[in-house]
Amino acid sequence: NNISIEYEYLNRTDYPNAGTCQQRLSQICSTKYCVYSGDDDYLQPSVLEEAAQFLETHPGYVACGGGRYNFTLNEEGNQIINVTHVNYPESSDESHFARWKQYSRVGLSSQYFLHRSEVWKKSLELVDRIYDPYLGQEYLPCSLSHLMGKHHVLDRRIVLFEYNRNQNFSFIQNPYWGFLHDDR
């Protein structure tokens, strides 16, 4: 009952990637909380409602979400061939840098978390200046969100996510990314 969905068609010429689309949608957002969902993702409404209830009673947190199910389709795209269950780590350290370092170590997108709208809007301000699809539309806003505040993880699955093996998320988890894997 407390969820509203805004839909606006954004053409590829003016909005060349998901980050610029998110940026535009954040500009028209007038609600207290917001969440991003790609066209191939499914967000669980009851978990979104539970996340909103958590944020209402915990003003020290900027986002709340849960784990996700990743699924992979066969090459024809007509059959699920694999499903994995992914847990997100709690990001509640008082240190900004510790939260960002933890996020960067695992590289799991918190864009599927329910965010306080003012935080998500702020985290999207620069996405149109970075043209790499992963860095600009996902890594940068999620990093900024973790720098701006704590993220709570519910013991529930919030998103069903189509996982594409060709995505370039693994570079962040590479041990040669130095300081992210150094416990100093």
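What you see as residue numbers is a count from 1 along each chain, following the sequence as written. Since the coordinates come from a predicted model, pLDDT governs what is reported: local features require at least 70, and pairs of side-chain atoms require 80 or more to be given and counted, while whole-chain, interface and lining totals use all residues. Side-chain descriptors were evaluated using all non-hydrogen atoms of the structure, hydrogens and water having been removed beforehand.

**Student:** Can you help me understand the pairing of strand S4 (residues 80–86) in this one?
**Tutor:** Side-chain positions along a regular strand alternate between the two faces of the sheet. Strands were regarded as paired on the criterion that DSSP finds at least two bridges between them. Helical segments are the DSSP runs of H or I of at least four residues, strand segments are the runs of E of at least two, and each set is numbered from the N terminus. Sheet analysis places strand S3 (residues 61–73) next to S4, joined by six bridges and oriented antiparallel. Following the sheet pairing, Tyr69 is matched in S4 by His85. Linking S3 to S4, which pair antiparallel, is a turn of six residues; within it Gly77 sits at a positive phi near 75 degrees.

**Student:** Honestly, the environment of Ser104 in this entry has me stumped. Any pointers?
**Tutor:** Residue placement: Ser104 occurs in helix H3 (residues 96–106). Overall, the relative accessible area of 0% leaves Ser104 in the buried class. Residues Ser104 and Ser143 lie 39 residues apart in sequence; the distance between their C-alpha atoms is 7.4 Å. Side-chain polar atoms of Ser104 contact the side chain of Tyr139, separated by 2.7 Å. Exposure categories follow from relative accessible area, calculated using a 1.4 Å probe and restricted to protein chains: below 20% of the type maximum is buried, above 50% is exposed, and the middle band is partly exposed. Definition of a polar contact: a pair of N or O atoms within 3.5 Å, with one able to donate and the other able to accept a hydrogen when the atoms are protein atoms, and with sequence-neighbouring residues admitted only if both atoms are side-chain atoms.

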